[in-house]
Amino acid sequence: MSERESINGSAERRLGVYKTYKLYVGGKFPRSESGRVYEVTDSKGAWLANVPQSSRKDARDAVVAARKAFGGWSGATAYNRGQVLYRVAEMLEGRKEQFVREVAASEGLSKSKAAAVVDAAIDRWVWYAGWTDKIGQISGGANPVAGPYLNLSTPEPTGVVTVLAPQKSSLLGLVSVIAPVIATGNTAVVIASADAPLPALSLGEVLATSDVPGGVVNILSGATAELAAPLAAHQDVNAIDLTGAGAELAKELEIAAADNLKRVLRPLPAEADGSDPSTDWLAAPGTHRLTAFLETKTVWHPTGALGASGSSY
């Protein structure tokens, strides 16, 4: 409790207002349908908050929301998606102090180191925003075929992607796995770090006040294995990013994902669960995550007969 001066000049004590963390599904902030919560503590074991412990029903609801949002988001122009991602960076910049506190508490970092992580996360949004209308230039184009036709390949989003966020990098790693998924027109169901979910749940508030349509990103908190298993087997999920899964869990999820031929992204060695401190995520991300959840559509267009003097249109 704290003291403050009242209107009439006398001192009074007031209760602090604790933040209530909720899930982010379909553009709304529900509690878990199970009613369960679990305690989140800082690196020293001190209580930080009670957060929802998502159920399988919450996971299924998130997939429904992601599928509903996919048509509009994938149909938006790449330039428009870039503007939206840049808007997320703007909103995150405006709430930097909050995220510095949450990252510092979640990851046991000093304020200065947490500030550097938050700055890098904001810059990462901007970086991926710039790639939305450029990725097609490196993953598609005209193919050099011989014949009376043009052969063009263009990238298209895979669909609904389940993302297992890094367990230790609660914000920078989280942004690094979400941004490339939605930058290329996919929608995401994200399982936040089980031990450090607060920055992820607060990111949902940033997304809701940005121009990201509801359902494009859905954020769940809780036990990673409990939520990942039904999502890996879900027939309406098209791909899964295993970054936040340990080796044993990742193997089980890959087997489940094979049932409907999901795309599976295995983490790089530096990103694997148990060895992903924030410094690993500070490196330049490259484009491998942008291309991981893209399909290639090839169109053959006849141009007419080829004569001695060349093709005729």
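Keep in mind the model is a prediction, meaning the values are calculated, not measured.

If you tally the helices and strands in the chain, you get 11 helices and 14 strands. Per-residue burial over the chain gives 45% buried out of 313 residues. Contacts in the chain between residues at least 24 apart in sequence constitute 75% of all its contacts with a sequence separation of at least 6. As presented, the chain carries roughly 14700 Å² of accessible surface, and 55% of it is formed by carbon and sulfur atoms.

This paragraph deals with the sheet that holds strand β12 (residues 294-302). Pairing in this open sheet of 3 strands is antiparallel, and the strands run β5-β6-β12 from one edge to the other. Every interior strand has two partners, whereas the edge strands, β5 (141-142) and β12, have only one. Looking at chain direction, β5 and strand β6 (residues 149-157) are connected through 2 bridges and run antiparallel. By the bridge assignment, Gly141 is partnered in β6 with Ser153.

The residue Ser193 is located in the loop between β8 (187-191) and α7 (198-208) in this model. Among the polar contacts made by the side chain of Ser193, one reaches the main-chain carbonyl oxygen of Gln167 at a distance of 2.7 Å. Looking at Ser193, its side chain comes within polar contact range of the main-chain nitrogen of Ala196, at 3.2 Å.

Position of Ser210 among the secondary structure elements: in the loop between α7 and β9 (217-220). Classification of Ser210 by relative accessible area gives buried; the value is 9%. In sequence terms Ser210 and Arg87 are 123 residues apart; their C-alpha atoms lie 6.0 Å from each other. Not counting residues within four places of it along the chain, the set of residues in contact with Ser210 comprises Arg87, Val88 and Met91. Polar contacts involving the side chain of Ser210 include one to the main-chain carbonyl oxygen of Val206, which spans 2.6 Å.

Bringing the pattern of salt bridges into the picture now. Applying the stated rule across the entire model yields 13 salt bridges. Between Arg36 and Glu226 there is a salt bridge, with its nearest N and O atoms 3.0 Å apart. One end of the pair, Arg36, is in the loop between β2 (11-14) and β3 (37-41); the other, Glu226, is in helix α8 (residues 224-233), with 190 residues separating them in the sequence. Looking at Arg36, the relative accessible area reads 30%, which means it is partly exposed. Asp241 is the partner of Arg289 in a salt bridge, and the nearest nitrogen-oxygen pair spans 2.6 Å. Taken together, the residues Arg289 in helix α11 (residues 288-292) and Asp241 in strand β10 (residues 239-241) connect sequence positions 48 residues apart. Across the pair, exposure class does not vary: Arg289 and Asp241 are buried alike. Because the salt bridges share partners, they merge into one network encompassing Lys19, Arg95 and Glu205.

Quick look at the layout of surface pockets now. Considered as a void within the structure, the largest pocket measures approximately 250 Å³ in volume. What lines the largest pocket is simply Tyr18, Lys19, Tyr21, Trp47, Leu48, Ala49, Asn50, Gln98, Arg101, Glu102, Ala105 and Leu198. At the level of elements, β4 (47-52) and α3 (96-107) are the ones that each hand at least two residues to the lining of the largest pocket. Grouping the constituent residues of the lining of the largest pocket by class yields 7 nonpolar, 2 polar and 3 charged.

Quick look at the sheet that holds strand β11 (residues 263-265) now. Here we have 5 strands laid out as an open sheet, ordered β9-β8-β7-β10-β11, and parallel in their pairing. The sheet is open, and its two edges are formed by β9 and β11, each paired on a single side. Along the sheet, successive strands turn relative to each other by an average axial angle of 15 degrees, direction set aside. As paired strands, β8 and β9 are joined by 4 bridges and run parallel to one another. Looking across to β9, one finds that Val190 is bridged to Ile219. Contacts between α8 and the sheet are confined to β7 (160-164), β8, β9 and β10, with β8 contributing the most and set at about 150 degrees to the helix.

Moving on: the packing of α3 against helix α4 (residues 111-131). Running from N to C, α3 and α4 point in directions that differ by 120 degrees, and their axes come no closer than 8 Å. Viewed along their axes, α3 and α4 adopt a mutual orientation that is oblique. Every pair of crossing elements has a handedness; the one defined by α3 and α4 is right-handed. Between α3 and α4, the residues in contact are Lys96, Phe99, Val100, Val103 and Ala104 and Lys111, Ala114, Ala115, Val117, Val118, Asp119 and Ile122, respectively. Grouping the constituent residues of the contact of α3 with α4 by class yields 9 nonpolar, no polar and 3 charged.

Conventions and cut-offs
Residues numbered from 1 in each chain as written. Predicted model: local features only at pLDDT ≥ 70, side-chain atom pairs only at ≥ 80, totals over all residues. Heavy atoms only, no water. Helix = DSSP H or I, 4+ residues; strand = E, 2+ residues; numbered from the N terminus. Buried < 20%, exposed > 50% of the residue type's maximum accessible area, 1.4 Å probe, protein only. Contact = heavy atoms within 4.5 Å. Areas by Shrake-Rupley, 256 points an atom, 1.4 Å probe, with all protein chains shown as cover. Pairing = 2+ DSSP bridges. Polar contact = N/O pair within 3.5 Å; in protein donor to acceptor, adjacent residues only side chain to side chain. Salt bridge = Lys/Arg side-chain N within 4 Å of Asp/Glu carboxyl O. 1 Å grid on protein atoms, 1.4 Å probe; cavity = no way out; pocket = protein on both sides within 12 Å on 5 of 7 lines; lining within 4 Å. Points joined across faces, edges and corners; volume = space filled by probe spheres on them. Nonpolar A, V, L, I, M, F, W, Y, C, P; charged D, E, K, R; others polar. Axes fitted to C-alpha atoms, helices over the stretch in contact; angles between N-to-C directions. Parallel < 35°, antiparallel > 145°, perpendicular 65-115°, else oblique. Left-handed = near helix turned anticlockwise from the far one by under 90°.

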